[in-house]
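Read off the chains here:
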Amino acid sequence: MKKILLGAAAVVAVAAGMSSCSKDAGKDGEKNVSAVSEGMADSISVYYGRAYGQNIWNYVNQQAQRSGEEINKEEMLKGIQLVLSSEDSNDFLLGMRVGMDMKGFIQQTGEDGVKLSKSKVLDNFKREFMADSIPSSDADYNTFTTLMNQLRMITAEQKRREQEKVAQEAGEAGAKFIAEAKASDSSIKTSESGLSYKIENPGEGNRIGANDKATVKYTGRLVDGTIFDEGTAEFAPNRVVPGFGEGMQLLGKGGKATLYIPGNLGYGPNGAGEKIGPNATLIFDIEVLEVKAAE
């Protein structure tokens, strides 16, 4: 759902300053008497429209570049015209705000997989809103609250099942990938924990201890080849995901290895960020640049 928060403070401030000059400009208590000519009012109308139009043009295009979604300017213009054409602008605008809130709720529940009837929502809203009085009890509100709690439970269970399915598929894909890699390269070993690894160079000196700190150059990718992270950073093996920490402890300074980390030794069923899904298998190419022994 697109959320448009119009950040046109500069233009609004100028307009507010202009409008304040024309208010209370009369003498002897006469208010709402314009101190400017009709021509000046027309000029303000023209250039306020142009300036505000340019401001919103910039905003809309910036939003489109950030989100990758084009905003339908014709539809947006319909809403603006609807508000500006109303004689009872304050009441109408309030109604527009309430309507937008209701529409937002309907769209949000739709994203959760529940399609609400706009006509039923509106008919029942009108029944209560236009009534001479409303019920003294909170029965309707309590029923709505109960239904929403049930909806949250249903959607949470649905998401849990979907996540379990994704995690299972990811685990199977990862296991297949590692099995194929081992079949084609006998130098890939597997530890008791389930970590698979290929040591290109064990490095010099003592292996990295669990509490030591090591500067590691790394590239992390998924089984489909997507690189989700790369760089150089200082790690302690006991402060990273189990598979990465175990792999670090196989090396000394200058060591190089490729780690094949199954989901249970990585980020587990929750995944991490947008790229690492539930139970994803991670492949890391690592090189140990420096080792600092724990104090």
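About the cut-offs
- Residue positions are counted from 1 within each chain, in the order its sequence is given.
- Only residues with pLDDT of at least 70 are given local features in this predicted model, and only at 80 or more are side-chain atom pairs given and counted; all residues enter the totals for whole chains, interfaces and linings.
- Side-chain numbers here rest on the full set of heavy atoms in the structure, without hydrogens or water.
- Per the convention used, a helix needs a DSSP run of H or I reaching at least four residues, while a strand needs a run of E reaching at least two, with both numbered from the N terminus.
- Only protein chains enter the calculation, and the probe is 1.4 Å; a residue is then buried if its accessible area is under 20% of its type maximum, exposed if over 50%, and partly exposed in between.
- Pairs of residues are marked as contacts when any of their non-hydrogen atoms sit within 4.5 Å.
- The protein chains shown are the only cover counted for residues, whose accessible areas, like all others here, come from Shrake-Rupley with a 1.4 Å probe.
- Strands are labelled as partners when DSSP assigns at least two bridges between them.
- Residue-level confidence of the predictor is summarised by pLDDT, bounded by 0 at the bottom and 100 at the top.
- Helix span, expected: 1.5 Å multiplied by one less than the number of residues in the helix.

Visitor: Can you break down the overall build of the chain residue by residue, with the values?
Guide: Tallying secondary structure elements over the chain gives seven helices and six strands in all. Sorting the 295 residues of the chain into buried and exposed places 23% on the buried side. Long-range contacts, defined here as pairs at least 24 residues apart, represent 62% of the contacts in the chain between residues at least 6 apart. Of the roughly 20,700 Å² that the chain leaves accessible, carbon and sulfur atoms contribute 53%.

Visitor: Just give me the short version of the pairing of strand 2 (residues 196-201), but keep the residues and values in it.
Guide: Sheet topology note: the strand 1 (residues 189-190)/strand 2 ladder contains two bridges and is antiparallel. Each residue of the ladder has a partner; that of Lys189, found in strand 2, is Tyr197. The turn linking strand 1 back onto strand 2 is made up of five residues, and Gly194 within it adopts a positive phi angle of 110°. Where strand 2 lies against strand 5 (residues 256-261), five bridges are found, and the strand directions are antiparallel. Note that in strand 5 the partner of Lys198 across the bridge is Thr258.

Visitor: Before we move on, could you go through the environment of Ile199 and cite the residues and values that matter?
Guide: Looking at the element boundaries, Ile199 is found in strand 2. Sequence-distant contacts of Ile199, defined by excluding residues within four places in its chain, comprise Leu250, Leu251, Lys256 and Ala257.

Visitor: Please provide a residue-by-residue account of the pairing of strand 3 (residues 213-221), values included.
Guide: Because side chains alternate across strand 3, one face comprises the buried residues Ala214, Val216, Tyr218 and Gly220, and the other comprises Lys213, Thr215, Lys217, Thr219 and Arg221, none of which is buried. Looking at chain direction, strand 3 and strand 6 (residues 282-292) are connected through nine bridges and run antiparallel. Among the inter-strand pairings, Tyr218 is bridged to a residue of strand 6, identified as Ile286.

Visitor: Help me get a handle on the confidence of the model for the chain, residues and values and all.
Guide: Confidence in the prediction of the chain, expressed as mean pLDDT, is 85, and 87% of residues score 70 or more. The element-level mean pLDDT for the chain is lowest in helix 1 (residues 9-22), coming to 44, with strand 5 highest at 98. Below a pLDDT of 50 lies the segment residues 1-30, which in the model reaches 34 contacts outside its immediate sequence neighbourhood of four places, other chains included.

Visitor: Tell me about helix 2 (residues 38-67), and please be specific about residues and values.
Guide: Over its 30 residues, helix 2 extends 43 Å from the first C-alpha to the last, a length consistent with the 44 Å expected when each residue adds 1.5 Å. Those residues of helix 2 not exposed but buried are Ile56, Tyr59, Val60 and Ala64. Its buried side turned inward, helix 2 meets helix 3 (73-84). Downstream of helix 2 by a residue or two, Gly68 has a phi angle that is positive, lying close to 80°.

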